[in-house]
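What the coordinates show
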Amino acid sequence: MNTLLQSSSRKSWRLATGFAFSALCCGVLLGGVSAWLLGSVAIAGLSATAFTFNFHIPAALVRLFAVGRTAARYGERLAGHKAALSDQVAHRVELFAAMAAAPAVRRAGWQLGDEARLADYLDDVEDLDYARLRAGLPALTLACGLAVLIAGSAMLAPLSLLPIMLLLLAILFAGNRMAKAGAVAWERARSMRRGGAGRLGTAMASAVPLKAEGAWRHECGEALAALSRADGEMLALRRLQAGLDTLGAALGPLAGISVMAAAWYAGRQGTELLLPMLLGFSWLALGEALNGASRMLVAVL
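Residues numbered from 1 in each chain as written. Predicted model: local features only at pLDDT ≥ 70, side-chain atom pairs only at ≥ 80, totals over all residues. Heavy atoms only, no water.

Some thoughts on the overall build of the protein
Counting its secondary structure elements, the protein contains nine helices and zero strands. Beginning at the N terminus, the succession of helices and strands in the protein can be written as α-α-α-α-α-α-α-α-α. With 301 residues in all, the protein has 38% of them scored as buried. Within the protein, contacts between residues separated by at least 24 positions form 82% of all contacts whose residues are at least 6 apart in sequence. (Helix = DSSP H or I, 4+ residues; strand = E, 2+ residues; numbered from the N terminus. Buried < 20%, exposed > 50% of the residue type's maximum accessible area, 1.4 Å probe, protein only. Contact = heavy atoms within 4.5 Å.)

Rendered as structure tokens:
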């Protein structure tokens, strides 16, 4: 059964990867071709070319890329979640099979009886599977998109690479800082959640004697307080994410403006600005994909 599930998940992961690349390409081309079409129409309207300009083909491409992006995103979600859930089923089957095969003392004592340890195991399985969906796949497509647009910028507007690379370095620095601080916050949250779950499980198992001793309210309060402190650590992690997302959101507009400014500074005018315009708006479209950079790092953590 596990072999069948793993084979099915591999096919689903390949399908999800194809859909992810298709969605990224359609999104980038949609932004670039839309700007190119608007610029072409504006330039053609200034001359007699307006009477012969064929806008049907680029307009059809815009609609094609818009529909393709939406369809590819839905396909990526469906295939990706199917693959992640298939992996979870396979990993949980292995986990509980190992628990069932353990010696009787351990099986009855801590593996199935310790709520904190069992919760950790199940959380780890879920995090392991969804990290691939939320971090690995988006990071792969984003890296490929960045490589293509950086190469395009180097050919069409080399001067634009200076602010683009500076901002990318700032994003990497902020991401590294968030990863280090986030790892500490995540470990504290897991530790507090583990302690709170264990204490709450013990209290629930000893409800009658604790109520008789008048300690039920205190024990439950302490357990829930530990879980609340764990949520506080996660809130601190979310605040770190906000700073990284702010830098990521600035990449698209800054890169687009840099490309157009570098092309204009190089002396390009009129129709010569159409290709830089396509590239600049492609950067703007790619910038949307970078808005999830902090979520990728959290998934890795």
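Description of the state of the cysteines
Evaluated as defined, the whole model comprises zero disulfides. No disulfide involves Cys-26; its sulfur sits 7.0 Å from that of Cys-25, the nearest cysteine. Judged by its relative accessible area of 15%, Cys-26 is buried. (Disulfide = S-S within 2.5 Å.)

Concerning the nonpolar core
With 31 residues, the main nonpolar core has Leu-146, Leu-251, Trp-283 and Leu-286 as its most contacted residues. Where this core is concerned, the elements lending two or more residues are helix H1 (2–44), helix H4 (115–156), helix H5 (161–205), helix H7 (216–265), helix H8 (274–289) and helix H9 (293–300). With residues up to four places along the chain from it excluded, the contact list for Leu-146 reads Leu-168, Leu-251, Trp-283 and Leu-286. (Core = buried A, V, L, I, M, F, W, Y, C linked by side-chain atoms within 4.5 Å.)

Quick look at the pattern of salt bridges
Side-chain pairs of opposite charge can arise where the charged atoms are in close proximity. By the definition in use, this model includes one salt bridge. Here Glu-76 and Arg-77 are joined by a salt bridge, their closest N and O atoms 3.5 Å apart. (Salt bridge = Lys/Arg side-chain N within 4 Å of Asp/Glu carboxyl O.)

Overview of the environment of Asp-245
Tracing the chain through its elements places Asp-245 in helix H7. Exposure remark for Asp-245: the relative accessible area of 22% places this residue in the partly exposed category. Between the alpha carbons of Asp-245 and Gly-175 there is a distance of 9.6 Å; along the sequence they are 70 residues apart. Discounting chain neighbours no more than four positions away, the residues touching Asp-245 are Asn-291, Ala-293 and Ser-294.

Section: a nonpolar patch on the surface
Nonpolar side chains collect at one region of the surface, where Leu-162, Leu-166, Leu-169 and Leu-172 lie side by side and expose about 450 Å² of accessible area between them. Topologically, Leu-169 is positioned in helix H5. Relative accessible area serves as the criterion here: at 52%, Leu-169 is assigned to the exposed category. (Patch = residues over 30% accessible without salt bridge, like charges linked within 9 Å, V, L, I, M, F, W, Y side chains within 5 Å. Areas by Shrake-Rupley, 256 points an atom, 1.4 Å probe, with all protein chains shown as cover.)

Examining the side chain of Ser-258
Along the chain, Ser-258 falls in helix H7. Residue classification places Ser-258 among the buried positions, given a relative accessible area of 9%. If near-sequence neighbours (up to four positions away) are discounted, Ser-258 is found in contact with Ser-160 and Pro-163.

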